[in-house]
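Residues per chain, in single letters:
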Amino acid sequence: MRGERLVSMKNTTRAYLRPLAEHLISLSLIFGSYVFSGLRRLGAVGIFTLEVSSAFLQLLQVCVNAPEGSRLREPGFLRGLHRFAVVPAFLYCRFFVLPFVVWRSAAFESQQWLEQMEHVLVPGSALVLYAFFNGMLAAIFVLNVVFFRRLIFHPHLRRIFRRE
């Protein structure tokens, strides 16, 4: 029992702030996209995109935290998983689909929907909604850049790879 580590144990609570911020921003975007039915498609694509990437990240986390001597923790297996599955999925989902499909659609293709919302709500509400959704998507993109840097220079992976 002494040699075992908990899978999600982190040294400080600060390590949880970035993922928590991303989840809160994502939840507010998802909630807004379902409240305003014109954005449901974007919400569904956003959920799918983030979940595909997160599944690979969780798999990497499980492998990194696997018991010593486990096949899942072998440097060769981890290097292949990292280079050929996790990083490509992260790049495609978070740096292609999110900005070029979801964000582009929210920024440019939602103008007619925003005009309809302006007529239903108060004047100026379209600009507020536009700024809110695009601001939140920009925040998600910035967090993804931070996460990508961490993924590339992951300290636990570096330590495992040095043992090879």
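Residues numbered from 1 in each chain as written. Predicted model: local features only at pLDDT ≥ 70, side-chain atom pairs only at ≥ 80, totals over all residues. Heavy atoms only, no water.

Novice: Got a sec to walk through the nonpolar core? Specific residues and values, please.
Specialist: Ranked by internal contacts, the top residues of the largest apolar core, which has 31 residues, are Leu60 and Leu78. Those elements that place two or more of their residues in this core are helix H1 (17–35), helix H2 (40–64), helix H3 (75–109), helix H4 (111–120), helix H5 (125–152) and helix H6 (155–162). (Core = buried A, V, L, I, M, F, W, Y, C linked by side-chain atoms within 4.5 Å. Buried < 20%, exposed > 50% of the residue type's maximum accessible area, 1.4 Å probe, protein only. Helix = DSSP H or I, 4+ residues; strand = E, 2+ residues; numbered from the N terminus.)

Novice: Outline the packing of H4 against H5, supporting the account with residue identities and numerical values.
Specialist: Taken N-terminus to C-terminus, the directions of H4 and H5 make an angle of 135°; their axes are 8 Å apart at the nearest point. On the basis of the axis angle, H4 is oblique to H5. For the pair H4 and H5, the contacting residues are Gln111, Trp113, Leu114, Met117 and Glu118 in the first and Ser125, Ala126, Leu127, Leu129 and Tyr130 in the second. Across the contact of H4 with H5, the residue classes tally to seven nonpolar, two polar and one charged. (Axes fitted to C-alpha atoms, helices over the stretch in contact; angles between N-to-C directions. Parallel < 35°, antiparallel > 145°, perpendicular 65-115°, else oblique. Contact = heavy atoms within 4.5 Å. Nonpolar A, V, L, I, M, F, W, Y, C, P; charged D, E, K, R; others polar.)

Novice: Pulling in residues and values, what's your account of a nonpolar patch on the surface?
Specialist: Judged by side-chain polarity, Leu17, Leu20, Leu24 and Leu27 come together as a nonpolar surface patch covering roughly 410 Å² of accessible area. By the element assignment, Leu17 lies in helix H1. Overall, the relative accessible area of 51% leaves Leu17 in the exposed class. (Patch = residues over 30% accessible without salt bridge, like charges linked within 9 Å, V, L, I, M, F, W, Y side chains within 5 Å. Areas by Shrake-Rupley, 256 points an atom, 1.4 Å probe, with all protein chains shown as cover. Salt bridge = Lys/Arg side-chain N within 4 Å of Asp/Glu carboxyl O.)

Novice: Explain H2 residue by residue, including any values.
Specialist: Count 3.6 residues to each turn of an α-helix, and residues three or four apart come out pointing the same way. Counted at 1.5 Å a residue, the expected span for H2 with its 25 residues is 36 Å, and the 36 Å between its end C-alpha atoms agrees. Taken together, the buried positions of H2 are occupied by Leu42, Gly43, Gly46, Thr49, Leu50, Ser53, Ser54, Leu60, Cys63 and Val64. (Expected span 1.5 Å × (residues − 1).)

Novice: Run through the packing of aromatic side chains, naming residues and quoting values.
Specialist: Within the structure shown, the criterion is met by eight aromatic pairs. Each ring, one from Phe90 and one from Phe148, has its centre 5.8 Å from the other, and the planes form 25°; the classification is stacked. Here the residue Phe90 occupies a position in helix H3, and Phe148 occupies one in helix H5, the gap between them amounting to 58 residues. Note on Phe90: relative accessible area 1%, which makes it buried. Grouped by ring-pair contacts, the aromatic residues Phe90, Phe95, Trp103, Phe141 and Phe148 constitute a single cluster. (Phe/Tyr/Trp six-rings, centres within 6.5 Å; stacked < 30°, edge-to-face > 60°.)

Such coordinate-based values are descriptive only and should not be taken to indicate function.
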